[in-house]
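Working through the structure, step by step
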Amino acid sequence: MRVNVALLCVVLSAACAPVFSQNKPDEARPRDSQKTSQEKPGSSKEDVVRISVTLVQVDAVVADKKGNPVTDLQKDDFEIYEDGKRQFITNFSFVPTQPSVTPEPKLSPQVKGTAPVPSPPVRLKPEQVRRTIAIVVDDLNLAMASAEAVRYHLRKFVDQQMQPGDLVAIIRASGGMGALQQFTADKRQLYPAIERVRWNPRARQAGAFAPIDDAPLESRRTGAIGDGGDRGRQRLKDDLEDFREQLFAVGILGALNYVVRGLRELPGRKSVMFISEGFNLPSQSFARRGALQQPIDRVSASLRRLIELANRSAVVIYSIDPRGIVVPMIEAADDVGRLNSQQRSDLLRQRTTQVFDEENGLNYMAQETGGFLVTASNDLGRGIRRVLDDQNGYYLIGYVPAESTFRRMGGQLAFHKTSIKLKRAGLNVRTRGGFLGVTDEEARPARLTPAQQLTAAVTSPFTSGDVHLRLTSLFGNDVKNGYFVRSLLHIDARDLTFGEEIDGWRNADIDVAVIAFGDNGTVVGQSTQSYSARVRANRMDRTLRSGLIFAMNLPLKKAGAYQLRTAVRDAKSQKIGSANQYIEVPDVNKGRPVLSAVVLSGNDLLDEPNRSGSLDDAKEADEVRPEAGPAVRRLRPGDDLNYAFVVYNARVDKGTNSPRLLMQSRLFRDGKLVYEGEAAPLRLSSQPDWKRIKVVGSMKLAKTAQPGDHILQVVIIDLLAKEKYRTVTQWTDFEVVK
């Protein structure tokens, strides 16, 4: 399938200048990025944590007494133990993860009275990722007073502490699967997620402690005061409260489990920054039987599963208590008129124990996964800095395990505690607490059914690449139909299995699932369909090169932020691929100048064929290159770079009865500015609706254009609009290949 781009427009005279041509000044030519023979940490395919019959490998972080990382240790400085027995170190290395700071291009305004235009975000390649950070906010256990502080410090983190090479997601525990946004290096996508961190009315309580009524404390604990009915009702109330807290804790741990599963396949140093006021984990949560470690309640069982999964996925969990220093006291909401001094003292001791129990769960989870707990600090930002500083590098230490490591005891898996000691004095080392005696191969989950595979892929915020997909979502606004998103899904046909048919055709059966989430995590549209892609045998080579294109339309009721996710399953090979995209649809109804999405193609946009219906014969046309079209945007040096977009709400000059618009184009390659055109007037002929100006432009890629990922940014300046809203911009990416 292909999209038909029906945009009637006038060609821009200012946009026809060649780009990357040899007669351009040096700043208009592509500048080669620095190369190094040293492999980047994020590009390594080796496992960080590995548990097999031939190698047990764990990661460790070393710091001095002031908490500063120590990165110059050698193998002889370490001793590693399994269940108290020293092991011979066979594998050792240090992996640096400190990102190199590359300042963003400073693009000054070219027109007086206009604000500087921000650079488009850089889409990181897997080998460019240094740190992958999931910030999970436990808004089910977040007091009202803490929510505002969390938002403030998360904004500060994105503004000042997020570095090039960081892949970040901000996730709310209560948001459901729709709140698990895609990981991104685009700060502008993170700000809306931060603003949605609010106090949740479904949370356990509004303050640090649940208020008490005027029933004596002893009666609440033992039922010693009052008649039998009162005691029974109080016991029932306490039991229900305990059960409710367990449900909260298990639900939160389940959300973390889901995040960690997705992190398993992502690159870089992987961590979860868990911001929570804690969950109750009694000190005797695990019963030991020899080498066995058995959880004795549902919360502990969920916690053990999470820790085991995090350790095998090489994910470090850091716990942050946003309450700061908690001082148990009698609060204004408490009704303690009937309590004597002893009972009030008992109440304070009970609340002290509550704080300890809640932090005990956070601390245990962090320590067992190689992280730490940040607590008793009124500076939440300082705690976040500690976490980030802890991720500047780590050691990998491995040994060959004994045969007994994976031997079951009475049918039960044995838990093996690992520990590391340093020979150099004055240093602290942290590593993971241990592992269950089962190899990574055996620990892999059982294969899901086809329907479960497709559902799991489309509801996950994390992409999978067995079938390579490329999702392009183009948003706009129509007078008759309102807001809409048209999505183009490119499927790499080389990842599909084509069977032979009797009549000389080739056939691939695929299942396609699509789901769209609104900014609050609610589903706004979904579809699952099966298709048969039929291709003539003499056109298979062309189809394998160009792939298949699937078009989808999604009408929207309003502007806002949306997530589109899609998954494709090849029925014959059972391979799964998924892709997702975050888009922000601007509000046209406010009357301010805004732009639609930018359509880009190496083919003539006005000659793009109008194809729809089945996938028979890939619906290709000989006169165009499908890989250069709007769905793939894979161009060659020397190609035309054709683009189209719509300008909404341009102000009209009453004297000339036409807008006064300037346009500027910019090109980035691998995140670096390589071309910046002059802001030039748009020469516009009369259009049926000045509120929707349809624009097409063209550039010429030089024959010497360098391969790589590129971004085209268009900037429109409305000279008649208010200064605050005068400059608007949109961008789209494309790839130059040889």
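Residues numbered from 1 in each chain as written. Predicted model: local features only at pLDDT ≥ 70, side-chain atom pairs only at ≥ 80, totals over all residues. Heavy atoms only, no water.

Topic: the pairing of strand β26 (residues 576-585)
Applicable threshold: Any residue under 20% of the maximum accessible area for its type is buried, any over 50% is exposed, and the rest in between are partly exposed; the area is computed with a 1.4 Å probe on protein chains only. For the purposes of this entry, the term helix denotes a DSSP run of H or I that reaches at least four residues, the term strand denotes a run of E that reaches at least two, and both are numbered from the N terminus. Note: two strands are recorded as paired if DSSP finds a minimum of 2 bridges between them.
Burial analysis of β26 places nine of its ten residues in the buried class, which makes it a mostly covered element. Bridge analysis of strand β25 (residues 560-570) against β26 gives ten bridges, and the strand direction is antiparallel. Across the sheet, leucine 564 pairs through a bridge with glutamine 581, a residue of β26. Two successive antiparallel strands, β25 and β26, enclose a turn made up of five residues, where glutamine 574 displays a positive phi of approximately 65°.

Some thoughts on the environment of tyrosine 81
For clarity, the threshold we go by: When checking whether two residues touch, look at their non-hydrogen atoms; a contact exists if any pair is within 4.5 Å. Polar contacts here mean pairs of N or O atoms no more than 3.5 Å apart (in protein, one a potential hydrogen donor and the other a potential acceptor; neighbouring residues in sequence count only if both atoms are side-chain atoms).
When you line up the elements, tyrosine 81 lands in strand β5 (residues 78-82). Separated by 338 residues in sequence, tyrosine 81 and serine 419 have C-alpha atoms that sit 5.2 Å apart. What tyrosine 81 contacts, discounting residues up to four positions off in sequence, is Arg86, Gln87, Lys417, Thr418, Ser419 and Lys421. A distance of 2.7 Å separates the side chain of tyrosine 81 from the side chain of glutamate 79, its partner in a polar contact.

Things to note about the packing of helix α1 (residues 144-161) against helix α7 (residues 380-389)
What counts, and what does not: Here an angle of 0 to 180 degrees is reported between the N-to-C directions of two axes, which are lines fitted to C-alpha atoms, with helices fitted over the stretch in contact. For classification purposes, angles smaller than 35 degrees are called roughly parallel, those larger than 145 roughly antiparallel, those between 65 and 115 roughly perpendicular, and all remaining angles oblique. In this scheme the crossing of two helices becomes right-handed for a clockwise turn of the near helix relative to the far one and left-handed for an anticlockwise turn of less than a right angle. Side-chain classes follow a simple rule in which Ala, Val, Leu, Ile, Met, Phe, Trp, Tyr, Cys and Pro form the nonpolar group, Asp, Glu, Lys and Arg form the charged group, and the remainder, Gly included, forms the polar group.
Where α1 contacts α7, the two axes come as close as 9 Å, and the packing angle between them is 45°. Here α1 is positioned oblique relative to α7, judged by the angle of their axes. At the point where α1 passes α7, the crossing takes the right-handed sense. Residues Ala149, Val150, His153, Phe157 and Gln161 of α1 form the contact with α7, whose own contacting residues are Leu380, Gly381, Ile384, Arg385 and Leu388. The residue inventory of the contact of α1 with α7, partitioned by class, reads six nonpolar, three polar and one charged.

Some remarks on the packing of aromatic side chains
Note the following rule: Any pair of Phe, Tyr and Trp rings, taking the six-membered ring for Trp, is counted once the centres come within 6.5 Å. Such a pair is stacked with planes under 30 degrees apart, edge-to-face with planes over 60 apart, and tilted for the rest.
Summed over the entire model, instances satisfying the criterion amount to seven aromatic pairs. Centre to centre, the rings of tyrosine 318 and phenylalanine 372 are 5.1 Å apart; their planes meet at 70°, and the pair counts as edge-to-face. Here tyrosine 318 is found in strand β13 (residues 315-320), whereas its partner phenylalanine 372 is found in the loop between α6 (341-368) and β14 (373-374), with 54 residues between them in sequence. On the accessibility criterion, tyrosine 318 (0% relative accessible area) is buried.

Here's the deal with the pattern of salt bridges
The cut-off we apply is this: In the sections that follow, a salt bridge refers to a side-chain nitrogen of Lys or Arg positioned within 4 Å of a carboxyl oxygen of Asp or Glu.
Applying the stated rule across the entire model yields 26 salt bridges. One salt bridge connects arginine 569 with aspartate 511, and the closest N-O pair in it is separated by 3.4 Å. Within this pair, whereas arginine 569 is found in strand β25, its partner aspartate 511 is found in strand β22 (residues 505-517), the two being separated by 58 residues in sequence. Accessibility classification places arginine 569 together with aspartate 511 in one group, the buried group. A salt bridge links aspartate 689 to arginine 692, with the shortest nitrogen-to-oxygen separation between them at 3.7 Å. Under the relative-accessibility criterion, aspartate 689 is labelled partly exposed at 27%. For arginine 692, a relative accessible area of 18% gives the class buried. Where salt bridges share partners, they join Asp59, Arg269 and Arg432 into one cluster.

Quick word on the confidence of the model for the protein chain
A low pLDDT score tells you not to read the predicted coordinates there in detail. As a reminder of what qualifies: Summary of the metric used: pLDDT quantifies the predictor's per-residue confidence within the range 0 to 100.
Here the protein chain averages 78 in pLDDT, while 76% of its residues score no lower than 70. Note that residues 286-292 has pLDDT below 50 and, in this model, 19 contacts with residues that lie over four places away or in other chains.

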